[in-house]
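# Residue-level structural notes
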Amino acid sequence: MGKMEVERKTTGWAARDPSGLLSPYTYTLRETGPEDVHIRIICCGICHTDLHQTKNDLGMSNYPMVPGHEVVGEVVEVGSGVSKFTAGDIVGVGCLVGCCGGCSPCERDLEQYCPKKIWSYNDVYIDGQPTQGGFARATVVHQKFVVKIPEGMAVEQAAPLLCAGVTVYSPLAHFGLKKPGLRGGILGLGGVGHMGVKIAKAMGHHVTVISSSNKKREEALKDLGADEYVIGSDQTKMNELADSMDYIIDTVPVHHALEPYLSLLRLDGKLILMGVINQPLQFITPMVMLGRKVITGSFIGSMKETEEMLEFCKEKGLSSIIETVKMDYVNTAFERLEKNDVRYRFVVDVEGSKLEA
């Protein structure tokens, strides 16, 4: 597109310091380059990572910071080199907006493992300007990191899939766990965990939810369709489940013991770590050696996997369980998320909110 003579501004809600409190913030959007897509944001999911980043829990936060990486919106304009999207398309943007394009992960279409990946927010783009997320009126994103939302899928339902959904789908696909008849465990029933239950069930798996209390038992079994529900501290039930699972998706974002869950895995079973934990986890080696068990990790998903996951969810009729809120409620939503008081994902109705001060 041609050079714009007037700077294009947009308004979002930004954190200014580690208090994490969000308030209106106006900033400049970059011009729509040849490979770029200009998107009017309709809604954006709230991920636990948003909480970590706004409060500088990982020690890497830069302010002002507009969070949000589960973005759904409408294409406003596209650059001259964009062929996949046209104005009016409903599209999504997830955790990443850039990569180097030349490293081994990038050459394998696994840009989420690129050492020079660029985050949707709290990062610096190739033009030297800070990236800002989806709690805003608009964004401009390179076409590689934009996906079409399948026709007929509700925008607010699509938003959590762009992080929580693909985060679960990616390891199941990569490790050959998409086939029916497997037995899996979902450790932790939050935003990622509830999508884990739904996706694994849709793949034909027997799914056991492993939780710290009975609070979510009825929801897990009735609303999400889990086959079993076990409390991790119930030693009798845990013993009954020993050597029974092909995999466990561990979504717990705080320090916890691994041995109780390693014992549930059968020969060649996999414990797949997804929680961001900044303390060392421990286990005794015989727990792994005596069953050729694997402790591994997985990080979000590639753009190809995101497209594949969206089509899978459309085909299977899967949706998230969400609570939709306006932007003026977002600070309360963050407080509730910190207390795990959400079933199971907040989605901000950006389009229907007043963002300006």
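Residue positions are given per chain, counting from 1 as you read along its sequence in written order. Restriction of local features to residues with pLDDT of at least 70 applies here, the model being predicted, together with a cutoff of 80 or more for giving and counting side-chain atom pairs; totals for whole chains, interfaces and linings are based on all residues. Values reported for side chains reflect all heavy atoms of the structure, with hydrogen atoms and water molecules removed beforehand.

As annotated in an unreviewed UniProt entry, the protein carries the name cinnamyl-alcohol dehydrogenase and comes from Eruca vesicaria subsp. sativa. Quoted straight from UniProt, the Cofactor (unreviewed entry) entry for the protein says "Zn(2+)". Annotation of the protein in UniProt includes, under Subunit (unreviewed entry), the sentence "Homodimer." UniProt positions are given in the numbering used here, feature names are shortened, and annotations may be inferred rather than shown by experiment.

## Observations concerning the nonpolar core
Residues belong to a common nonpolar core when they are buried Ala, Val, Leu, Ile, Met, Phe, Trp, Tyr or Cys residues joined through side-chain atoms within 4.5 Å. Only protein chains enter the area calculation, which uses a 1.4 Å probe; residues under 20% of their type maximum are buried, those over 50% are exposed, and those in between are partly exposed. By size, the foremost hydrophobic cluster in this structure holds 92 residues, and its most contacted members are Ile46, Phe135 and Val330. With residues up to four places along the chain from it excluded, the contact list for Ile46 reads Glu70, Phe135, Val330, Ala333, Phe334, Leu337, Arg345, Phe346 and Val348. Residues Met238, Ile248, Tyr261 and Leu271 belong to the second largest nonpolar core, which totals 15 residues. Note on contacts: a residue pair is in contact if any heavy atoms of the two residues lie within 4.5 Å.

## Structural notes on the UniProt feature "domain: Enoyl reductase (ER)" (unreviewed entry) in the protein
UniProt marks residues 20-348 with the feature "domain: Enoyl reductase (ER)" (unreviewed entry), using the numbering shown here. Helix makes up 25% of residues 20-348 and strand 26%. Its end C-alpha atoms lie 17 Å apart. Counting from the N terminus, the helices are the DSSP runs of H or I reaching at least four residues and the strands are the DSSP runs of E reaching at least two.

## Let's talk about the pattern of salt bridges
The term salt bridge refers to a side-chain nitrogen of Lys or Arg lying within 4 Å of a carboxyl oxygen of Asp or Glu. Tallied over the full model, the rule gives 24 salt bridges. Of the charged contacts in the structure, one is a salt bridge between Arg8 and Glu77, with a shortest N-O distance of 2.8 Å. Of this pair, Arg8 sits in strand β1 (residues 8-15) while Glu77 sits in strand β4 (residues 71-78), and the two are 69 residues apart along the sequence. A residue is classified by how much of its surface remains accessible, and Arg8, at 12% relative accessible area, is buried.

## Thoughts on helix α5 (residues 191-202)
To estimate the expected span of a helix, count its residues, drop one, and scale the result by 1.5 Å. Under the 1.5 Å per step criterion, the end-to-end length of α5 is 17 Å for 12 residues, consistent within 8% with the ideal 16 Å. Counting buried residues in α5 gives 11 out of 12 residues, a clear majority hidden from the surface. Looking only at α5, the buried set comprises Gly191, Val192, Gly193, His194, Met195, Gly196, Val197, Lys198, Ile199, Ala200 and Ala202. Against α4 (164-174), β10 (183-187), β11 (206-211), β13 (245-250), α10 (303-316) and β17 (345-348) lie the buried residues of α5. Gly204, located one to two residues past α5, shows a positive phi value of around 90 degrees.

## A word on the sheet that holds strand β12 (residues 228-231)
By the convention used here, strands pair only if DSSP detects at least 2 bridges between them. Read from one edge of the open sheet, 6 strands run β12-β11-β10-β13-β14-β15, paired in parallel fashion. In the strand order of this sheet, the two ends are held by β12 and β15 (294-297), each with one partner. Each neighbouring strand pair of the sheet contributes to a mean axis angle of 20 degrees, computed without reference to strand direction. With 4 bridges joining them, strand β14 (residues 265-273) and β15 adopt parallel strand pairing. Within the sheet, the bridge partner assigned to Leu271 lies in β15 and is Ile295. In this analysis, axes come from line fits to C-alpha atoms, helices being fitted only over the stretch in contact, and the angle between any two N-to-C directions falls in the range 0 to 180 degrees.

## Thoughts on the side chain of Thr10
Structurally, Thr10 is set in strand β1. Nitrogen and oxygen atoms within 3.5 Å of one another constitute a polar contact, given that in protein one can donate a hydrogen and the other can accept it, and given that sequence-neighbouring residues count only through two side-chain atoms. Within polar-contact distance, the side chain of Thr10 engages the backbone nitrogen of Ala138 at 3.3 Å. When neighbours within four sequence positions are excluded, Thr10 is seen to be in contact with Tyr25, Thr26, Tyr27, Leu29, Arg137 and Ala138.

## Points about the side chain of Thr208
Assignment of secondary structure puts Thr208 in strand β11. For Thr208, the contacting residues outside a window of four places in its chain are Gly184, Gly185, Ile186, Glu228, Val230, Leu241 and Met245.

## As for unusual backbone geometry
For the bond from Tyr63 to Pro64, the omega torsion is -5 degrees, close enough to zero to count as cis. Here Pro64 lies in the loop between α1 (48-54) and β4. Positive phi values are uncommon outside glycine, yet Asn56 reaches one of about 60 degrees. Among the structural elements, Asn56 can be located in the loop between α1 and β4. Positive phi is not limited to glycine here, since Ile300 has a value of about 35 degrees. Residue placement: Ile300 occurs in the loop between β15 and α10.

## Description of the packing of α4 against α10
Packing of α4 against α10 leaves a shortest axis separation of 9 Å and a crossing angle of 100 degrees. As judged from the angle between their axes, α4 and α10 are roughly perpendicular. Here Gly165, Val166, Tyr169 and Ser170 of α4 come into contact with α10, specifically with Glu305, Thr306, Glu308, Met309 and Phe312. Of the residues assigned to the contact of α4 with α10, the class counts are 4 nonpolar, 3 polar and 2 charged. When describing relative orientation, an angle under 35 degrees is termed roughly parallel and one over 145 degrees roughly antiparallel, while 65 to 115 degrees is termed roughly perpendicular and anything else oblique. Residue polarity is assigned by list, with Asp, Glu, Lys and Arg as charged and Ala, Val, Leu, Ile, Met, Phe, Trp, Tyr, Cys and Pro as nonpolar; anything else, Gly included, falls into the polar class.

## Remarks on the environment of Tyr247
Checked against the element boundaries, Tyr247 lands in strand β13. For the pair Tyr247 and Leu172, spaced 75 residues apart in sequence, the C-alpha separation works out to 9.2 Å. Within polar-contact distance, the side chain of Tyr247 engages the side chain of His205 at 2.7 Å.

## Some details on a nonpolar patch on the surface
Patch rule: a residue counts if its relative accessible area is over 30% and it has no salt bridge; like charges are joined within 9 Å, and nonpolar side chains (Val, Leu, Ile, Met, Phe, Trp, Tyr) within 5 Å. For the area figures, the Shrake-Rupley method with a 1.4 Å probe applies, and any residue is considered shielded solely by the protein chains shown. On the surface, a nonpolar cluster with roughly 270 Å² of combined accessible area is contributed by Leu58, Met60 and Val276. As for its placement among the helices and strands, Val276 is situated in the loop between β14 and α9 (286-289). For Val276, a relative accessible area of 47% puts it in the partly exposed group.

## Concerning the pairing of β12
The side chains of a regular strand alternate, first on one face of the sheet and then on the other. Side chains of β12 alternate between two faces, with Glu228 and Val230 and Tyr229 and Ile231 buried alike. For β11 and β12, the ladder comprises 4 bridges, and the chain directions are parallel. Counterpart to Ser211 in the pairing with β12 is Ile231. The parallel pair β11 and β12 is bridged by helix α6 (residues 217-223), and the resulting crossover is right-handed. A crossover counts as right-handed when, viewed with the strands pointing away from the observer, the path leading from the first strand over the helix to the second turns clockwise.

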